[in-house]
Amino acid sequence: MKPELSYLAHNLCDIDKYRVETCCVIGNYYSLRSQHEKAALYFQRALKLNPRCLGAWTLMGHEYMEMKNTSAAIQAYRHAIEVNKRDYRAWYGLGQTYEILKMPFYCLYYYRRAHQLRPNDSRMLVALGECYEKLNQLVEATKCYWRAYSVGDVERMALVKLAKLHEQLNESDQAAQCYVIYIKEIFECGELMEQVELSTAFRYLGQYYFKNKQYDDASICAQRCCNYNDAREEGKSLLRQISQVRGQGETSSSDLSLPFIFGPLSAKNTPVRRMSPLNLSSVTP
């Protein structure tokens, strides 16, 4: 990405270095190189050439956010909204800024505005869910995370957050179902090394299956835990518990409440079908 952007920036400078587009491309190039002060400088130049350049205001807000200058970021995002009230990026940026300032009611307002403009964007829904969690409105947070998963979770965060929320609410079956779906989808897309939450999922499912006397599945999860540094000791401990229980002659339960993690999920036993859809009518103001 950097070489292509560098090539484009040089070409545009040769054509006309005083155009708004040229300044924005150069600003993006410096932003990509984490030279945020230089990036902000070029976005300022773009705005001197055209004070109503929506993209420049929004991008400058992002740069100020990177520089931890929240007051300047807020001003930039507000200018972007003055230019175009339907720019979801500016509303979302304001939400992020107030989140950094630990003002959840403010960031909830701005995230809701962003969600109104992008109702099927999972990032807006996850952000809303996190706000509701901070405000201890767990039912609303659950709705947001479920909706984020339903519309196609871009960042693959919604299911894990939903599972942890069910854990808080002592809804162990729902939490386990979320983790099963999460693991299945991660294994299917082949992003195992990048998913730090896999150890959390295997740790929870190992304990869940053990409590439900599903020792075969619990053993598989415990073995998987041993592949992760943060869950290795718990995995070994669980394997010892399973071995001890089996040594006492206790057999594994045949009444499986969840499908086997690594087996094919049919249309009848897929957890998605058994998790009831949620009413999101209260999410959007």
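Draft legend 1. How the structure looks around the overall build of the protein chain. Broken down by element type, the protein chain carries 15 helices and zero strands. The proportion of buried residues among the 285 residues of the protein chain is 46%. Taking all contacts inside the protein chain whose residues are at least 6 apart in sequence as the whole, residues at least 24 apart take part in 53%. Of the roughly 15,400 Å² that the protein chain leaves accessible, carbon and sulfur atoms contribute 50%.

Draft legend 2. Structural detail: unusual backbone geometry. The phi angle at Lys102 is positive, at roughly 60 degrees, despite the residue not being glycine. Counting through the fold element by element, Lys102 comes out in the loop between helix H6 (88-100) and helix H7 (104-117). Phi is positive for Asn170, which is not a glycine, with a value near 60 degrees. Structurally, Asn170 is set in the loop between helix H10 (158-168) and helix H11 (172-189). Accessibility expressed as a relative area gives 70% for Asn170, which makes it exposed.

Draft legend 3. Just the packing of aromatic side chains, in detail. Inspection of every chain in the model, using the stated rule, returns 15 aromatic pairs. Measuring from centroid to centroid gives 5.9 Å for Tyr208 and Tyr209, while their planes differ by 70 degrees, and the two rings are edge-to-face. Side by side, Tyr208 and Tyr209 carry an identical accessibility label, which is buried. One aromatic cluster in this structure is built from Trp91, Tyr98, Tyr106, Tyr109 and Tyr110. Over the ring of Tyr42 we find Arg45; its NZ or CZ atom is 4.7 Å from the centre of that ring.

Draft legend 4. Just the packing of helix H5 (residues 70-83) against H6, in detail. Viewed as axis vectors pointing N to C, H5 and H6 meet at an angle of 160 degrees, and their least axial separation amounts to 9 Å. When the interaxial angle is binned, H5 and H6 end up roughly antiparallel. In this structure, H5 meets H6 at a crossing whose hand is left-handed. Across from Thr70, Ala73, Ile74, Tyr77, Arg78, Ala80 and Ile81 in H5, the residues of H6 making contact are Ala90, Trp91, Gly93, Leu94, Thr97, Tyr98 and Ile100. Broken down by class, the residue content of the contact of H5 with H6 amounts to ten nonpolar, three polar and one charged.

Draft legend 5. Examining the pattern of salt bridges more closely. A full pass over the atoms with the stated rule returns twelve salt bridges. Between Lys143 and Glu140 there is a salt bridge, and its shortest N-O distance comes to 3.5 Å. With Lys143 and Glu140 both in helix H9 (residues 138-150) and three residues apart, this pair spans about one turn of that helix. A salt bridge links Arg246 to Asp216; its shortest N-O distance comes to 2.4 Å. Highlighted residues: Arg246 in helix H14 (residues 232-247) and Asp216 in helix H13 (residues 215-225), separated in sequence by 30 residues. Judged by its relative accessible area of 38%, Arg246 falls in the partly exposed class.

Draft legend 6. Representation of the packing of H10 against H11 in the model. Taken N-terminus to C-terminus, the directions of H10 and H11 make an angle of 160 degrees; their axes are 8 Å apart at the nearest point. Relative to H11, H10 is oriented roughly antiparallel. Relative to H11, H10 is oriented so that their crossing is left-handed. Judged by residue contacts, Leu159, Val160, Leu162, Ala163, Lys164, His166 and Glu167 of H10 engage Gln174, Ala175, Cys178, Tyr179, Ile181, Tyr182 and Glu185 from H11. Here the contact of H10 with H11 is built from residues that sort into nine nonpolar, two polar and three charged.

Reading the values: the criteria
Residues numbered from 1 in each chain as written. Predicted model: local features only at pLDDT ≥ 70, side-chain atom pairs only at ≥ 80, totals over all residues. Heavy atoms only, no water. Helix = DSSP H or I, 4+ residues; strand = E, 2+ residues; numbered from the N terminus. Buried < 20%, exposed > 50% of the residue type's maximum accessible area, 1.4 Å probe, protein only. Contact = heavy atoms within 4.5 Å. Areas by Shrake-Rupley, 256 points an atom, 1.4 Å probe, with all protein chains shown as cover. Phe/Tyr/Trp six-rings, centres within 6.5 Å; stacked < 30°, edge-to-face > 60°. Lys NZ or Arg CZ within 6 Å of the ring centre and 35° of its normal. Axes fitted to C-alpha atoms, helices over the stretch in contact; angles between N-to-C directions. Parallel < 35°, antiparallel > 145°, perpendicular 65-115°, else oblique. Left-handed = near helix turned anticlockwise from the far one by under 90°. Nonpolar A, V, L, I, M, F, W, Y, C, P; charged D, E, K, R; others polar. Salt bridge = Lys/Arg side-chain N within 4 Å of Asp/Glu carboxyl O.

Coordinates in, geometry out; function isn't part of it.
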